[in-house]
Amino acid sequence: MTLVPLPAFADNYIWMLQDGSNAIVVDPGDAQPVFDALARDKLQLAAILVTRHHHDHTGGVAALHAATGAPVFGPAREPIPEPFTPLLHGDSAKVLGKRFAVIDVPGHTAGHIAYFLPAGEGQAPLLFCGDTLFSGGCGRLFEGTPAQMLASLAALPGDTRVCCAHEYTLANLRFAHAVEPGNADLTHYTARCESLRAQGQPTLPSQLATERRINPFLRSREATVLRAVREHAELSANAAEADVFAALRQWKNDFR
Ligand code: FE
C-alpha cells in the first residue's frame, strides 16, 4: 500500500492509503482532493476512516459516501455524519484485508480515536492520530486528560509512522526549542523539516521514535523538560506527570 498525504484547506492532510486499484482515506474534511486523487489514479474508494467529529475531519464524508458507497468508520462517542460503523477502543476496522486497530486517544475531544495499522508486507506500522499528536507537538487539550492520551501512545512501536492531520511542525518546533534549547536531535530534525517545507514538501509522516526524541509532549518525564516546565510554571518538585504535561500544554498555548 502506498501512503499519500492529500493537502486540504490551509494546513490539513487527508491521508490516503492505496494499492493501485483501491483506496482508504482518513479524515476527509473536504471531498474534492479525494475525488481528484481517485480520478487521477483510477482508484475505487474502499473505506472512509474518521478520528473525530470536527468539520475539518468530516466535511467531505457525506459527499464521498454518497458518490462511492464506501463504508464509513468512526468514533462511537462522537457525532459524525451518518451512517457509520461506530468503533470503540479495542475494536478494529477491517478494510482491504487490513485490520486497523482502534485506540482511545482522549484529550483533544473525549471521544477521539486513532487507527493503528501494524507492520506488514514491507510496510512500517502506521498511526492515524487526527488532532492528538502532531510532529513536535500535540493537540490542545479540551475534553480528556493528558495522562490518558500519553498512556494510549506509550505502547506503540518506535518505527510507527505518525500520520497527523495538520502541518503544524515548524511552529511546534519553535516551541520545542524554547523548552529544550540543548536538544541536538531537535536541532537536526528542525533543519530537515525546514528544508522539506522550503521545497513545498510535507514534514509528515513523522516517526514515533523521532517524536520521542524531539517532541516535548512525549518527553514530559525527561529531566531537561521537567526542569524547563518547573522553571516556567513554578510547579512543585513532586508535581504529577499529568500536571507537568498540563503546564507544558498551557505554556505552549501562551507561546508566541
Ligand atoms: Fe483538525
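Note: the structure precedes this text.
Residues numbered from 1 in each chain as written. Predicted model: local features only at pLDDT ≥ 70, side-chain atom pairs only at ≥ 80, totals over all residues. Heavy atoms only, no water.

Colleague: Looking at this structure, how should I read the packing of helix α5 (residues 169–179) against helix α6 (residues 184–198)?
Modeller: Geometrically, a packed helix pair is captured by the angle between its two axes and the distance between the axes. Two elements in contact, α5 and α6, have axes whose closest approach is 10 Å; the angle formed by their N-to-C orientations is 155 degrees. As far as their axial angle goes, α6 and α5 are roughly antiparallel. The way α5 lies across α6 gives a crossing that is left-handed. Contacts between α5 and α6 involve Thr169, Leu170, Leu173, Ala176 and His177 on the former and, on the latter, Leu186, Thr187, Tyr189, Thr190, Cys193, Glu194 and Arg197. (Axes fitted to C-alpha atoms, helices over the stretch in contact; angles between N-to-C directions. Helix = DSSP H or I, 4+ residues; strand = E, 2+ residues; numbered from the N terminus. Parallel < 35°, antiparallel > 145°, perpendicular 65-115°, else oblique. Left-handed = near helix turned anticlockwise from the far one by under 90°. Contact = heavy atoms within 4.5 Å.)

Colleague: Which parts of the structure should I look at to understand helix α9 (residues 241–254)?
Modeller: Given 3.6 residues per helical turn, the α-helix brings residues three or four places apart onto the same face. For α9, with 14 residues, the first-to-last C-alpha span of 20 Å sits near the 20 Å given by 1.5 Å per residue. Along α9, the positions that sit buried rather than exposed are Val244, Phe245, Ala247, Leu248, Arg249, Trp251, Lys252 and Asn253. Taken together, the buried residues of α9 touch β12 (137–138), α4 (146–154), α5 and α8 (223–233). (Expected span 1.5 Å × (residues − 1). Buried < 20%, exposed > 50% of the residue type's maximum accessible area, 1.4 Å probe, protein only.)

Colleague: How should I be thinking about the environment of Glu180 in this particular structure?
Modeller: Its place among the elements puts Glu180 in the loop between α5 and α6. Taking relative accessible area as the criterion, Glu180 reaches 5% and is therefore assigned buried. Once residues lying within four places of it in the same chain are set aside, the contact partners of Glu180 are Leu186, Arg219, Thr224 and Val225.

Colleague: I keep staring at unusual backbone geometry and nothing clicks. Help me out?
Modeller: Glycine aside, the phi torsion of most residues is negative, and most peptide linkages are trans. Following Glu82, the chain continues into Pro83 via a peptide bond in cis, with omega recorded as -5 degrees. Checked against the element boundaries, Pro83 lands in the loop between β5 (72–75) and β6 (85–87). A cis amide bond links Leu204 to the next residue, Pro205, at an omega of 0 degrees. For Pro205, the position within the fold is in the loop between α6 and β14 (206–207). One non-glycine residue, Asp27, adopts positive backbone phi at about 55 degrees. Turning to its location among the elements, Asp27 is positioned in the loop between β3 (22–26) and α1 (32–40). The exposure class of Asp27 is buried, given its relative accessible area of 4%. One non-glycine residue with positive phi stands out, namely Lys42, at about 50 degrees.

Colleague: Explain the coordination of the iron ion to me, please; I cannot follow it from the model alone.
Modeller: When a metal holds four donors in a tetrahedron, each ideal angle between them is 109.5 degrees; when it holds six in an octahedron, the ideal angles are 90 or 180 degrees. Within the protein, Asp56 (OD), His57 (NE2), Asp131 (OD) and His166 (NE2) serve as the donor atoms for the iron ion, at 2.2 to 2.3 Å. Classification of the site at the iron ion rests on its 4 donor atoms, whose angles at the metal span 83 to 159 degrees, yielding the label irregular. Counting residues between consecutive donors of the iron ion along the chain gives the motif D-H-x73-D-x34-H. Residue His57 is located in helix α2 (residues 55–58), and its partner Asp131 is located in the loop between β10 (126–130) and β11 (133–134); the two are separated by 74 residues in the primary sequence. (Donors = N, O, S within 2.8 Å, 3.2 Å for Na, K, Ca; no water. Tetrahedral: all angles 85-135°; square planar, octahedral: opposite > 155°, others 65-115°.)

Colleague: Would you explain the state of the cysteines in this entry?
Modeller: Every disulfide links exactly two cysteines, by a covalent bond between their sulfur atoms. Enumeration over the complete set of coordinates arrives at 0 disulfides. Here Cys163 is not cross-linked by a disulfide; its sulfur's nearest cysteine counterpart is in Cys129, at 7.4 Å. The closest cysteine sulfur to the non-disulfide-bonded Cys164 is located on Cys129, 4.3 Å from its own sulfur. Using a relative accessible area of 0% as the deciding quantity, one classes Cys164 as buried. (Disulfide = S-S within 2.5 Å.)

Colleague: Looking at this model, I keep getting lost on the sheet that holds β6. Mind explaining?
Modeller: As a general point, the strands of a sheet are linked pairwise by backbone hydrogen bonds and lie either parallel or antiparallel. With respect to topology, 6 strands assemble into an open sheet ordered β1-β2-β3-β4-β5-β6, the strand pairing being mixed. Strands with a single pairing partner mark the edges of an open sheet, and in this sheet they are β1 (2–8) and β6. Strand after strand, the sheet turns through a mean of 25 degrees between neighbouring axes, direction not considered. The pairing of strand β2 (residues 12–18) with β3 spans 4 bridges and is antiparallel. Counterpart to Gln18 in the pairing with β3 is Ala23. Helix-sheet contacts for helix α3 (residues 61–68) involve β4 (44–49) and β5, and the interaxial angle to β4 is about 145 degrees. (Pairing = 2+ DSSP bridges.)

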